[in-house]
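So you can see what is in the structure, the chains are spelled out below.
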Amino acid sequence: MTAVTVVGAGFSGAVVARELAERGLDVRVIDRREHIGGNAHDRLDAHGVLVHPYGPHIFHTNSARIYDYLSRFTGWRPYEHRVLAAVDGMLVPLPINIDTVNRLYGLQLDERTIQGFFDSVREPRERILTSEDVVVDAVGRDLYRKFFQGYTRKQWGLDPSELAASVAARIPTRTNRDDRYFTDKFQAMPLEGYTRMFERMLDHPKIAIELGVDFFRERERLRHDHLVYTGPIDAFYGHRYGPLPYRSLRFEHEHHPGTERYQAVGTVNYPNEHAYTRITEFKHLTGQAHPGTSIVREYPIAEGDPYYPVPRPENELLFKRYEALALKERDVTFVGRLAQYRYYNMDQCVGAALKAAQYVLQKTGAAPDEADALAAGLR
Ligand code: FAD
Ligand code: UDP
């Protein structure tokens, strides 16, 4: 019987584990943390409010396949996330939309005139390479300074001109009044939380879970035919080409007894004030009824648990060197935000994990033939 060890019980590891178990493989999932769910883990805090210890996680996807896949393990609560940004003493919608511009500049633009406004302030760039290019090209320097420059410097410790375009491109510019943070077809929160969803996903007779186990400490003891690794790829190779930068956060959780609502929307961003980037109030996300409320502030830091790959060309080059080693491995598969060094959202991790599971089945000879692997886009 083919045995597989999966390092990491987050989205990437849990989905691979489930897929392999359902195909009859013996799967052991280890995580160095004492809980499942990776960074998407949620739990009740000391006051009984459901919180996300590693920062707010809002599920959204355009993929019916991924939504349907997760629906096997959870029901959903429809939820559309909204964000306000504290700028010039006001709280205005982000992404920037018609109302954002009207409120900031005292204008009365509408859907017919907003693009004309953007055209009058934008600084067209011939080549969009950096995050600065993306924003300045779309909305000009003043809005760039108000919303993006300070936030990005805080979040990444880098100026937007030092970061790949893809980072700021996550936030669109709107020429309508839509104030939702995401426009994906499916936007919802797991009805009983992420951890409950992970429990169901990992509840399978062919899956054994070991928590509080660090792969590097215990790798000698672990026997398997194949390893699936979802931790940082540079750590797997002993940082032999030097450390890949990952950005970290310090989370400051706070409970407000007797306060039903702390703020008007799920998240308020602070681009220009404070050492934290944003405050999230969990009850907006979860819909929980509770006489008090719990919030989290996110303070970006350089050292600490790896949370974000840092998208910029030199890091991509360094990653490619590690990836070249990874591609030579016959008995190891790398998947996930840390192992693939990609700024993946949760749904993208699910997609990558479904692919990786096919790859493992093919590599171990446990299932699909070459044609299936080809169809899955793995070759
Ligand atoms: P992780 O969740 O990081 O899981 C990897 C696991 O591997 C960890 O549990 C870790 O302990 C374990 N591990 C690592 N090394 C070892 C080792 N040596 N031995 C044993 N175990 C090890 N995505 C969204 O779609 N929507 C959001 O709103 C959203 N918000 C986010 C907010 C924050 C603050 C952050 C940081 C991320 C957010 N994300 C969001 C992204 C989301 O967290 C990731 O896409 C997803 O959780 C990554 O899953 P993963 O399994 O690849 O990695
Ligand atoms: N960003 C910004 N100002 C904001 C919100 C986002 O400059 O008010 C930039 C910043 O660089 C951030 C990136 O856009 O890191 C992506 O934002 P997102 O909200 O997607 O970040 P995440 O939720 O992944 O931390």
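Residues numbered from 1 in each chain as written. Chains lettered and ligands numbered in written order. Predicted model: local features only at pLDDT ≥ 70, side-chain atom pairs only at ≥ 80, totals over all residues. Heavy atoms only, no water.

Among the 31 residues in the neighbourhood of ligand 1, the closest are listed as Ser-12, Asp-31, His-57, Ile-58 and Met-346. Ser-12 places a polar side-chain atom, nitrogen or oxygen, 2.7 Å from an oxygen atom of ligand 1. The backbone of Pro-56 places a nitrogen or oxygen atom 3.0 Å from a nitrogen atom of ligand 1. Relative to its unbound accessible surface of 1,000 Å², ligand 1 loses 96% to contact with the protein. Within the residue set of the shell around ligand 1, elements represented by two or more residues are helix 1 (11-22), helix 8 (215-218) and helix 12 (346-363). Grouping the amino acids of the shell around ligand 1 by side-chain chemistry returns 15 nonpolar, 10 polar and 6 charged. (Near = heavy atom within 4 Å. Polar contact = N/O pair within 3.5 Å; in protein donor to acceptor, adjacent residues only side chain to side chain. Areas by Shrake-Rupley, 256 points an atom, 1.4 Å probe, with all protein chains shown as cover. Helix = DSSP H or I, 4+ residues; strand = E, 2+ residues; numbered from the N terminus. Nonpolar A, V, L, I, M, F, W, Y, C, P; charged D, E, K, R; others polar.)

The linkage connecting Leu-94 with the following residue, Pro-95, adopts the cis geometry, with an omega of -5°. Turning to its location among the elements, Pro-95 is positioned in the loop between strand 8 (90-94) and helix 3 (98-105). One non-glycine residue, His-239, adopts positive backbone phi at about 55°. On the secondary structure map, His-239 appears in the loop between helix 9 (233-236) and strand 12 (246-256). In this structure, His-274 takes a positive phi of about 70° despite not being glycine. Looking at the secondary structure, you find His-274 in the loop between strand 13 (267-269) and strand 14 (278-281). A residue is classified by how much of its surface remains accessible, and His-274, at 46% relative accessible area, is partly exposed. (Buried < 20%, exposed > 50% of the residue type's maximum accessible area, 1.4 Å probe, protein only.)

Attention now goes to the nonpolar core. Counting 108 residues, the largest nonpolar core has Phe-11 and Phe-147 as the members making the most contacts within it. Looking at this core, the element that brings in the most residues is helix 12, giving 10 residues. Leaving out residues up to four positions away in the same chain, Phe-147 has contacts with Ala-85, Val-87, Val-92, Leu-94, Ile-96, Thr-100, Leu-104 and Pro-271. (Core = buried A, V, L, I, M, F, W, Y, C linked by side-chain atoms within 4.5 Å. Contact = heavy atoms within 4.5 Å.)

A complete count under the given rule lists 29 aromatic pairs for this structure. Taking 6.4 Å as the distance between ring centres and 75° as the angle between the ring planes, the aromatic pair formed by Phe-11 and Tyr-194 counts as edge-to-face. Remark: Tyr-194 occurs in helix 7 (residues 194-202) and Phe-11 occurs in helix 1; sequence separation between them is 183 residues. Taken as a pair, Phe-11 and Tyr-194 share a single burial class, namely buried. Following the ring pairs from residue to residue traces out a cluster consisting of Phe-215, Phe-216, Tyr-229, Phe-236, Tyr-237, Tyr-241, Tyr-322 and Phe-334. The cationic tip of Lys-363 hangs over the ring face of Tyr-359; the distance from NZ or CZ to the ring centre is 4.4 Å. (Phe/Tyr/Trp six-rings, centres within 6.5 Å; stacked < 30°, edge-to-face > 60°. Lys NZ or Arg CZ within 6 Å of the ring centre and 35° of its normal.)

Strand pairing within a sheet occurs via backbone hydrogen bonds; the two strands may be parallel or antiparallel. If you walk across this open sheet you meet the 3 strands as 5-9-6, and the pairing is antiparallel. Of all strands in the sheet, those with a lone pairing partner are strand 5 (60-61) and strand 6 (76-78), marking the two edges. (Pairing = 2+ DSSP bridges.)

In a regular helix each residue adds 1.5 Å, so 26 residues correspond to 38 Å; helix 5 (residues 131-156) covers only 12 Å between its end C-alpha atoms and thus falls short of that length. In terms of burial, helix 5 is largely enclosed, as 20 of its 26 residues are buried. Measuring from the backbone nitrogen of Glu-132 back to the side-chain oxygen at the start of helix 5 gives 3.3 Å, which picks out Thr-130 as the cap. Positive phi shows up at Gly-157, right after helix 5, with a value of about 70°. (Expected span 1.5 Å × (residues − 1).)

Moving on, we come to the pattern of salt bridges. Within the structure shown, the criterion is met by 30 salt bridges. Note that Arg-297 and Glu-252 form a salt bridge whose closest N and O atoms lie 3.5 Å from each other. Linking Arg-297 in strand 15 (residues 293-301) with Glu-252 in strand 12, this pair joins segments that are 45 residues apart in sequence. On the accessibility criterion, Glu-252 (25% relative accessible area) is partly exposed. (Salt bridge = Lys/Arg side-chain N within 4 Å of Asp/Glu carboxyl O.)

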